[in-house]
Amino acid sequence: MFFEVELRRLVVVEPQELGDELHTRRAMIRRLLKDFDAERCSEEHGFHVTVTTLEDVSPGKIRSGTGSVIFWVTFKCIVFRPIRNEILEAEVTDVLERGFLAACGASRIFVPRKEMDGFEFRPGASLEYNEWHDSSGSVIKPKSMARLKVVGTRWEPKERTIMAAGTLNGDLLGRVFEEGDPTFDNGFAI
Amino acid sequence: MASRSGQPVEEEDASELKLGEDFVKAKCLMNAEVALVLQRKYEQLQQLADDPSSQISQVFERSLQYVRRFSRYQNPDAVKQVREVLTRNQLHEFEVCVIGNLCPETVEEAKALVPSITKRGRMDEEKIETMLTDLATIKKFE
């Protein structure tokens, strides 16, 4: 799910970036955006998509020694975080014998084979041609859309990312057809 | 909340609308709403820089690709109307967005995709039906 949250961060403006009020403010904003993107993902809020509005900026404080100026900035931003038991749609990226991986924005969700009742693995000549088929004709293959339920999420401190696990077992979950797909049939394949 | 220091935190549960303390005051956004925001920002960046890709993060890029593909509505007015319809039915922010993202067509589908709407007797079948009909109308005339 995408959320808009309010965060507070310390922003440091280096001495060489300082100038008149407007100039310093611009440097501060540039710094904030850069730091926000660099942080990429947090355990609490998930993936950092984009800053939306500045809510408050403290008066600048000079750091003795370096001459840089620090600001406490409160801002709103869009983040993405998969929530346990949330049902969402994702794009299949990798089809493996042990299951498949799907992408939901910057987040990756793994669906293991035991969470894919009724599906059979069909290996292809190479990874991009691997597929999972079920008896009704649904095919899970790279670039297809799948509707799944998130069963759990885990923070990976080393990669600074959130890994999620999902399931296709459940009502209305499985392969999703898009309009324009030649096999489109009034909605979704169950 | 994701597991902290290796300890799984069980209280997070979308079906019970337990989103964790980090999202108590957060606004949820539908894919279609995020698409409008990110598309606008992307266009602004293209005007400012020679190479917009150097300004956008991988998370931004992947998010933009995702919401472009998974938005149910393209027209900004339609998106606003969808949020209005869903909000006036006193749904929780989270429920509003899941319904806006997945577009259930029947009452049964809505209950399966967003189980929390039936909890605590919040919405009866008739209300859900009317709401879904309103959404289908918005989609039709988008």
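In the annotation of an unreviewed UniProt entry, chain B is listed under the name RNA polymerase Rpb4/RPC9 core domain-containing protein and assigned to Physcomitrium patens. Per UniProt, chain B has the following entry under Subcellular location (unreviewed entry): "Nucleus". As recorded by UniProt, the Sequence similarities (unreviewed entry) comment attached to chain B reads in full: "Belongs to the eukaryotic RPB4 RNA polymerase subunit family."

As annotated in an unreviewed UniProt entry, chain A carries the name RNA polymerase Rpb7-like N-terminal domain-containing protein and comes from Physcomitrium patens. UniProt, in its Sequence similarities (unreviewed entry) section for chain A, records the words "Belongs to the eukaryotic RPB7/RPC8 RNA polymerase subunit family."

A. Expanded view of the side chain of Glu109 of chain B. Here Glu109 of chain B is to be found in helix α5 (residues 107-113). Buried and unpaired, Glu109 of chain B has Arg147 of chain A as its nearest opposite-charge partner, separated by 5.4 Å. Polar contacts involving the side chain of Glu109 of chain B include one to the main-chain amide nitrogen of Glu105 of chain B, which spans 3.0 Å. For Glu109 of chain B, the residues in contact, after removing those within four places along its chain, are Leu172 of chain A together with Cys103 and Pro104 of chain B.

B. Summary view of the domain arrangement of chain A. Residue and element names in this part refer to chain A. Along its sequence, chain A is organised into domain 1 (2-80) and domain 2 (87-189). The straight-line distance from the C-alpha centre of domain 1 to that of domain 2 is 37 Å. In total, domain 1 and domain 2 occlude about 730 Å² of area from one another, counting both sides; carbon and sulfur atoms represent 67% of this. The largest contributions to the domain 1 side of the interface with domain 2 come from Glu43, Phe47 and Phe80, which together make up 60% of the buried area. There are zero salt bridges connecting domain 1 and domain 2. Put simply, domain 1 and domain 2 have two residue pairs in polar contact (both at pLDDT 80 or more) between them. The set of elements that each furnish at least two residues to the side of domain 1 that touches domain 2 consists of β2 (41-42) and β3 (46-57). Class assignment for the residues of the side of domain 1 that touches domain 2 results in three nonpolar, two polar and three charged.

C. Main features of the nonpolar core. Core analysis: the biggest nonpolar cluster contains 54 residues, and Phe3 of chain A together with Phe94 of chain B have the highest contact counts within it. Contributions of two or more residues to this core are made by β1 (2-13), α1 (21-39) and β5 (69-80) of chain A together with α3 (76-88), α4 (93-102), α5 and α6 (125-140) of chain B. Among residues more than four places away in sequence, those in contact with Phe3 of chain A are Cys77, Ile78, Val79, Arg81 and Ile83 of chain A together with Leu19, Phe23, Ala26, Lys27, Cys28 and Phe94 of chain B. Counting residues in hydrophobic clusters, the runner-up holds 43 residues, among them Leu148 of chain A together with Leu29, Ala35 and Val67 of chain B.

D. Local environment of the domain arrangement of chain B. Residue and element names in this part refer to chain B. The domains assigned to chain B are domain 1 (31-69) and domain 2 (76-140). Look at where the C-alpha atoms of domain 1 and domain 2 centre, and you get two points 28 Å apart. Taken over both partners, the interface formed by domain 1 and domain 2 buries close to 400 Å², and the fraction arising from carbon and sulfur atoms is 54%. Among the residues domain 1 hides against domain 2, the three largest losses belong to Asn31, Glu33 and Leu36. Together they make up 88% of the total. On inspection of domain 1 and its partner domain 2, the count reaches one salt bridge. Among the ionic pairs, Glu33 bridges to Arg83, the shortest N-O distance being 2.5 Å. In the side of domain 1 that touches domain 2, the residues fall into two nonpolar, one polar and one charged.

E. Summary view of the packing of α3 of chain B against α6 of chain B. Residue and element names in this part refer to chain B. Running from N to C, α3 and α6 point in directions that differ by 175°, and their axes come no closer than 10 Å. With respect to α6, the element α3 is oriented roughly antiparallel. From α3, Ala78, Gln81, Val82, Val85, Leu86 and Arg88 reach across to α6, where they touch Met131, Asp134, Leu135 and Ile138. Split into classes, the residues belonging to the contact of α3 with α6 amount to seven nonpolar, one polar and two charged.

F. Layout of the layout of surface pockets. Counted as a void, the largest pocket has a volume near 760 Å³. As for the largest pocket, its lining consists of 25 residues, and the residues nearest its centre are Ile29, Arg30 and Leu33 of chain A together with Leu45 and Gln55 of chain B. Mapped onto the lining of the largest pocket, the elements with two or more residues apiece are α1 and β3 of chain A together with α1 (31-48) of chain B. The dominant element in the lining of the largest pocket, judged by the number of residues it contributes, is α1 of chain A, at nine residues. Partitioned by chemical class, the residues of the lining of the largest pocket number 13 nonpolar, seven polar and five charged.

Definitions and cut-offs
- Along each chain, numbering runs from 1 in the same order as the chain's sequence is written.
- Ligands are numbered from 1 and chains lettered from A, in the order in which they are written.
- Only residues with pLDDT of at least 70 get local features here, since the model is predicted, and only at 80 or more are side-chain atom pairs given and counted; chain-wide, interface and lining totals rely on the full set of residues.
- The basis for every side-chain value is the complete set of heavy atoms in the structure, and neither hydrogens nor water enter the calculation.
- UniProt positions are given in the numbering used here, feature names are shortened, and annotations may be inferred rather than shown by experiment.
- The helix count covers DSSP runs of H or I at least four residues long, the strand count covers runs of E at least two residues long, and both are numbered beginning at the N terminus.
- For each residue, the accessible area found with a 1.4 Å probe, counting protein chains only, is set against the maximum for its type, and the residue is called buried under 20%, exposed over 50%, and partly exposed in between.
- Asp and Glu are treated as the negative residues and Lys and Arg as the positive ones, with His and the ends of the chain left uncounted.
- Definition used for salt bridges: Asp or Glu carboxyl oxygen within 4 Å of a side-chain nitrogen of Lys or Arg.
- Between N or O atoms, a polar contact is any pair within 3.5 Å; within protein, one atom must be a potential hydrogen donor and the other a potential acceptor, and residues adjacent in sequence are included only when both atoms are from side chains.
- Should any heavy atoms of two residues lie within 4.5 Å, those residues are counted as being in contact.
- Domain segmentation is taken from an automatic or database assignment of domains.
- By convention, the term buried area covers the 1.4 Å-probe accessible surface removed from two parts as they join, with the contributions of both added.
- In this classification, Asp, Glu, Lys and Arg are treated as charged, Ala, Val, Leu, Ile, Met, Phe, Trp, Tyr, Cys and Pro as nonpolar, and every other residue, Gly included, as polar.
- The nonpolar core is taken to be a set of buried Ala, Val, Leu, Ile, Met, Phe, Trp, Tyr and Cys residues, with the residues joined through side-chain atoms within 4.5 Å.
- Axes here mean lines fitted to C-alpha atoms, for a helix over just the part in contact, with angles spanning 0 to 180 degrees between N-to-C directions.
- Angles below 35 degrees are treated as roughly parallel, those above 145 as roughly antiparallel, those between 65 and 115 as roughly perpendicular, and all remaining angles as oblique.
- For cavity detection a 1 Å grid was placed over the protein atoms alone, and a set of points counts as a cavity when a 1.4 Å probe fits there but cannot get out; an open set counts as a pocket when protein lies on both sides within 12 Å along at least five of seven lines, with lining residues being those that have an atom within 4 Å of a point.
- Grid points are joined across faces, edges and corners, and a volume is the space filled by probe spheres set on the points.

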